[in-house]
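For reference, the chains in residue letters:
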Amino acid sequence: MEIKKTSLNKLHQSNNAKFVEFAGYEMPIQYSKGIIEEHKFTRSHSGIFDVSHMGQLFIYGDENLTEELEKIFPLDLKKLKLNCSKYSFLMNEDAGIYDDLIITKIEGGYLIILNAACKDKDFEILSNLLGTKFKMNLDHNRSLIAIQGPKSVEILNSIINEVDQLNFMTGKWFDFDNQKLFVTRSGYTGEDGFEISITNDKGEKFVQNLIEKGAQLIGLGARDTLRLEAGLCLYGHELDINKTPIEANLKWAISKSRLLNGGFIGSEKIINQMQDGANQIRVGIKPEGRLIAREKTKIFNDNDSQIGEITSGTFGPSVNGPIAMGYVDKEFSKVDTKILLEVRGKKYPANVCALPFYKKNYVKGVN
Amino acid sequence: MSEVKFSKEHEWITLEGDVATIGITKHATEMLGDIVFAELPEKGSNVEKDGTAGVVESTKAASDVYTPVSGEVVDTNQAIVDDPSKINEDPEGSAWFFKLKMKDQSEMDSLMNKDEYDKFAKESGN
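Note that residues are indexed from 1 along each chain, following the sequence as it is written. Both sets of labels track the order of writing: A upward for chains, 1 upward for ligands. A pLDDT threshold of at least 70 governs which residues receive local features in this predicted model, and a stricter bar of 80 or more applies before side-chain atom pairs are shown or counted, although totals over entire chains, interfaces and linings include all residues. To get the side-chain values, all heavy atoms of the structure are used, and hydrogens and water are removed first.

**Student:** Can you break down the interface of chain A and chain B residue by residue, with the values?
**Tutor:** Interfaces are often sized by the amount of accessible area the parts lose when they come together. Should any heavy atoms of two residues lie within 4.5 Å, those residues are counted as being in contact. Taken together, the contact pairs 14 residues of chain A with 16 residues of chain B. Once two parts are brought into contact, the accessible area they lose, counted with a 1.4 Å probe and summed over both, makes up the buried area. With both chains or domains summed, chain A and chain B bury close to 1,300 Å², and 47% of this area falls on carbon and sulfur atoms. Looking at the side of chain A facing chain B, the largest losses of area belong to A:R290, A:R294 and A:R344, adding up to 44% of the total buried there. We define a salt bridge as a contact between a side-chain nitrogen of Lys or Arg and a carboxyl oxygen of Asp or Glu at a distance within 4 Å. Linking chain A with chain B are 2 salt bridges.

**Student:** Can you lay out the sheet that holds strand β11 (residues 179-184) of chain A for me, pointing to particular residues and giving the numbers?
**Tutor:** All names here are of chain A. On the basis of which strands lie adjacent, the open sheet formed by 6 strands has the order β10-β11-β12-β9-β3-β13 and mixed pairing. With one partner strand each, in any of the chains shown, β10 (171-176) and β13 (216-217) form the two edges of the open sheet. Any two strands between which DSSP finds at least two bridges are classified as paired. The way it works is that DSSP assigns letters per residue, a run of H or I at least four long becomes a helix, a run of E at least two long becomes a strand, and they are numbered from the N terminus. Sheet topology note: the β10/β11 ladder contains 6 bridges and is antiparallel. The partner of W173 across the bridge, within β11, is F182. For helices, the fitted line uses only the C-alpha atoms of the stretch in contact; every axis is such a line through C-alpha atoms, and the angle between N-to-C directions lies from 0 to 180 degrees. Set on the sheet, helix α6 (residues 200-212) makes contact with β3 (47-50), β9 (142-148), β10, β11, β12 (193-199) and β13; between it and β12 the angle comes to about 145 degrees.

**Student:** Any chance you could break down the domain arrangement of chain A for me, citing the residues and the numbers?
**Tutor:** All names here are of chain A. Splitting chain A by domain gives domain 1 (9-53 + 140-229), domain 2 (56-124) and domain 3 (251-353). Segment limits for the domains were obtained from an automatic or database-derived domain assignment. Computed over C-alpha atoms, the centres of domain 2 and domain 3 are 27 Å apart. Taken together, the 14 residues of domain 2 in the interface contact 12 residues of domain 3. Buried area between domain 2 and domain 3, summed over both chains or domains, comes out near 1,100 Å², and the portion from carbon and sulfur atoms is 60%. Counting every contact that joins domain 2 to domain 3 gives 0 salt bridges. The term polar contact refers here to a pair of N or O atoms within 3.5 Å; inside protein, the definition further demands a hydrogen-donor-capable atom paired with an acceptor-capable atom, and it admits residues adjacent in sequence only when both atoms are side-chain atoms. Taken together, the connections running from domain 2 to domain 3 amount to 7 residue pairs in polar contact (both at pLDDT 80 or more). Ranked by the residues each element gives to the side of domain 2 that touches domain 3, the list is headed by strand β5 (residues 85-91), at 3 residues.

Below is the structure:
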């Protein structure tokens, strides 16, 4: 299959991107400055991320649609206000996660942002569940650009007036160069920032504008270290079809009313696990010393029994040390539990720790 | 000191008497990206030509470090273990990895000189 390119591909090239294939797309892993500098620039200034490979699914419909979506997502969608976003999951009957996503109530329906590797399958699953009653559009004509970091609000506001009025996890349509773009105050780095849905033909011009105002392009490498420091899950690593939201320690994302009454796909399993607890649970892990424990590293207790596995592990540039997330048996999931990580045949000490590794800087209560 | 020689695994080596100093090339560090972890062989241990003699990890991945010649490890550079970013800063100078007391100096003969290595690195692209 031919590798897909986003509307910003030429711009990445002219900025000396190193490319990797990710979910069938040619994506920049880093630019000339490298992952650590890109990471730190995002934390201190403003980074631009091309996330156009992600799916932008528009579903149109009235309260009937809301009713139908409540049978799928563990959210109180009837109470979700216009232009407000929620993090959620698409699950199977066993509460296994097909995908994690952001759903936003927009005029006339919903916008759902899906992971690149999952989007086509998600579309198929949702089409089967919803039938033909509602118009669905997995929009390939739009790019998705994230701008993240403390200077982002000032930079974006100088191009699109009044984006600074958005609260965290809300969005709105704005105008840019005679085109409508949908901006949400959100992101996946642990920083204040925005995600902008924009037609492909305007993507490059828009990003050029951001660069002129002082933001810099950041690759997927730094996106990964940023999200891991922020304790955020990445599909295919922390989350997959064999994990439930309870095991993933994401019960905060399930609306309380839905936990009481169920009625969504996977609700029985979720409610059971809420009562009985999950056997394994996602935790933060801090290796002692500088050793990096990567994905699939086995986790042991001091009796030499395997008690879990790392799902993501890297060097955190802002915490200036190694960090990881993984799943451990319930009895080892308490903060400060001593564990051992097997790397290259040797066992190294580590501690279960609280997430995030890096404190979030989200903006609340602008208005 | 002898001229600098290079291996296909992107190590450099110089010889002074029978003691070889070994590190990784600038080209290697550019391929690896930001190096955040280094593990070196133990002092007093013996390493074999083309065998592993350490690990470097970048933000992206772990890579083995090989030794281009055999010998006994007589010294290691603790400074790069304490601050691995030094490897990116000065890979072919102060950020050497380990020193070996060589057994068989003829092992140097099969290694590349600078021109040969530069050509190799450019062509192999990795």
